[in-house]
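Coordinates in review
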Amino acid sequence: MQKLYTNATLVDKDEPQEILIDNGKFTAIGPHLAVEAAETVDLNGRLVVPPYVDPHIHLDYVYTAMRQGALNGTGTLFEGIQRWSETKAGATVEEVKERARRAVREEMLQGVQYIRTHADVTDPSMTSLKALLELKEELKDILTIQIVSFPQEGMYAYPNGAELVEEGLKMGADCVGGIPHYELAREFGEKSVHKAVELAVKYDKLIDLHCDETDDDQSRFLELLTALTYMEGIGDRTTASHTCSFGSANGAYAFRLMKTLIKAKLNFISCPTENIYLEGRQDTYPKRRGLTRVKELNDAGINVCFAQDSIADPWYPLGNGNLMNVLDNGIHICQMMSFPEIDHALDLITTHGAVTMHIQDEYGLDAGKPANFIVLDADSPYEAVRCRTGVLRSVRYGKELFVREPAPVKTDLAILQA
Ligand SMILES: [Zn+2]
């Protein structure tokens, strides 16, 4: 059945657009389609963009921040890992799924339709991975989930960590994970990067490493990851998450590495709310921001995107899956607020995330692709970002996942009326 959305505002289009959908796919998008559809929806000039993408979250950790023993007193990444390690035993598949489902609901109700989640596999029972694989299958018609086989406690710092990562890939994880800066010595960190690349090639999987999530400018696993994936020709299938130390690297080093990053076509994920909170903890003043060089990467044409990372876990006490909030924080912290940057800021939580997830073929507002999109309560990208606007509608394969009416306001005051 054909469905037509009229009066849609699209990024970089001057006149209102019409969107025609048939059989779950976009069939045409243009200013005057001159078609009679069985159903027509007037969007009143609201902004239509592809769905939000959250390319980095830990769905197995959500809502555990308040658990007994999970409280992270220092607010550092390393105490977060310790608290998780001490409290993760005893979880069941059902319990993990229940929490993950709640987080998915929060994210989806704010326009997210694509999620890459890490699953902690430094646990011989593989509880997290089993839970998230089941959830992925259950939700596949309404939400795209990719899963990273992620050794939270290290490939080598944890007994048989590398074997557990491989086991996770065999069980069905989509991406190889790693955490080289957490291994017990630099050599083991390097070994884990080599192992991740070897596994990605062996099983034909994507790579997403927690890489250099520290202010230590001597943590330079990004360099090795870039070189190895470039030489294997899989740089565009590889993601470096966090890379906080690259924000502390000296200019000469960054200048040289930037050239290789461009050649390798590596993808970057920055988690602004978490890393502004977790990093800089050993600094007095001046205190570093702890984020990677998002602005410089973006200016160089390197694919970089933002992600939520945490919802109320031992690393970060807040978080609610609102990518607009993540974006707002990110563009402030990274000083990306020239008018052209604001006009294209939504790319950081939409198209750039899709490139990172390597799903460009099925993502975007193009004829022939699945009719997945969201409608924002704004009439331009600038207004959407300025007002941190909410999502009015989320559409998946041409069907409404939800429709939200703007809340009415009661007032007699003329100045408060539109
Ligand atoms: Zn993470």
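Because the structure is a prediction, the values reported are computed rather than measured.

Description of the packing of aromatic side chains
Scanning the entire structure with this criterion turns up nine aromatic pairs. Relative to Tyr182, the ring of Phe78 has its centre 6.1 Å away and its plane inclined at 20 degrees; by these criteria the two rings are stacked. Highlighted residues: Phe78 in helix α1 (residues 77-87) and Tyr182 in the loop between β9 (175-176) and α5 (186-203), separated in sequence by 104 residues. The rings of Tyr5, Phe26 and Phe373 are connected pair by pair, giving a single aromatic cluster. If you follow Arg220 out to its NZ or CZ, it ends over the ring of Tyr253, 3.7 Å from the centre. Of note, Arg396 hangs over the ring of Tyr114, and the distance from its end group to the ring centre comes to 5.2 Å.

Comments concerning the coordination of the zinc ion
Each protein donor to the zinc ion is listed here as His56 (NE2), His58 (NE2), His210 (NE2) and Asp309 (OD); together their distances run 2.1 to 2.7 Å. Because the angles between the four donor atoms bound to the zinc ion fall within 86 to 177 degrees, the donor set is best described as irregular. Since its relative accessible area comes to 5%, Asp309 is described here as buried.

Quick word on the domain arrangement of the protein chain
One can read the domain layout of the protein chain as domain 1 (2-50 + 364-403) and domain 2 (52-362). On a C-alpha basis, the centroid separation for the pair domain 1 and domain 2 is 30 Å. The interface of domain 1 with domain 2 comprises 24 residues on the first partner and 27 residues on the second. Where domain 1 abuts domain 2, roughly 1,900 Å² becomes buried across the two surfaces, and 61% of that area is made up of carbon and sulfur atoms. A per-residue breakdown of the area domain 1 buries against domain 2 is headed by Tyr382, Val385 and Arg396, which together make up 31% of the total. Residues Arg388 and Asp328 are paired through a salt bridge, measuring 3.2 Å at the closest nitrogen-oxygen approach. Only β5 (47-49), β14 (373-376), α13 (381-386), β15 (391-396) and β16 (399-403) provide two or more residues apiece to the side of domain 1 that touches domain 2. Among the residues forming the side of domain 1 that touches domain 2, the class breakdown is 16 nonpolar, four polar and four charged.

Brief notes about the pairing of strand β3 (residues 25-30)
With five bridges connecting them, strand β2 (residues 17-22) and β3 associate as antiparallel partners. In the sheet register, Glu18 faces β3, and the bridge partner there is Gly30. Linking two consecutive strands that pair antiparallel, namely β2 and β3, is a turn of two residues; a positive phi of about 55 degrees is found at Asn23 within it.

Focus: the environment of Asp208
Secondary-structure assignment places Asp208 in strand β10 (residues 206-211). Taking the C-alpha atoms as reference points, Asp208 and Val176, 32 residues apart in sequence, are found 6.1 Å from one another. Setting aside its immediate chain neighbours within four residues, Asp208 contacts Pro55, Arg116, His118, Val148, Cys175, Val176, Gly177, Gly178, Thr239, Ser241 and Ile269. Polar contacts involving the side chain of Asp208 include one to the side chain of Ser241, which spans 2.8 Å.

Structural notes on helix α2 (residues 93-108)
Given 3.6 residues per helical turn, the α-helix brings residues three or four places apart onto the same face. Its 16 residues give α2 an end-to-end C-alpha distance of 22 Å, which sits within 8% of 22 Å, the value for a rise of 1.5 Å per residue. Of the positions making up α2, those classed as buried are Val96, Lys97, Arg99, Ala100, Ala103, Val104, Glu107 and Met108. With its buried residues spanning 170 degrees around the axis, α2 presents them on a single face. Close packing links the buried residues of α2 with β6 (52-57), β7 (112-120), α3 (127-138), α10 (323-333) and β16.

Here is what the cut-offs are and how they apply
- Residues numbered from 1 in each chain as written.
- Predicted model: local features only at pLDDT ≥ 70, side-chain atom pairs only at ≥ 80, totals over all residues.
- Heavy atoms only, no water.
- Phe/Tyr/Trp six-rings, centres within 6.5 Å; stacked < 30°, edge-to-face > 60°.
- Helix = DSSP H or I, 4+ residues; strand = E, 2+ residues; numbered from the N terminus.
- Lys NZ or Arg CZ within 6 Å of the ring centre and 35° of its normal.
- Donors = N, O, S within 2.8 Å, 3.2 Å for Na, K, Ca; no water.
- Tetrahedral: all angles 85-135°; square planar, octahedral: opposite > 155°, others 65-115°.
- Buried < 20%, exposed > 50% of the residue type's maximum accessible area, 1.4 Å probe, protein only.
- Domains from an automatic or database assignment.
- Contact = heavy atoms within 4.5 Å.
- Buried area = accessible area lost by both parts, 1.4 Å probe.
- Salt bridge = Lys/Arg side-chain N within 4 Å of Asp/Glu carboxyl O.
- Nonpolar A, V, L, I, M, F, W, Y, C, P; charged D, E, K, R; others polar.
- Pairing = 2+ DSSP bridges.
- Polar contact = N/O pair within 3.5 Å; in protein donor to acceptor, adjacent residues only side chain to side chain.
- Expected span 1.5 Å × (residues − 1).
- Arc of directions from axis to C-beta.

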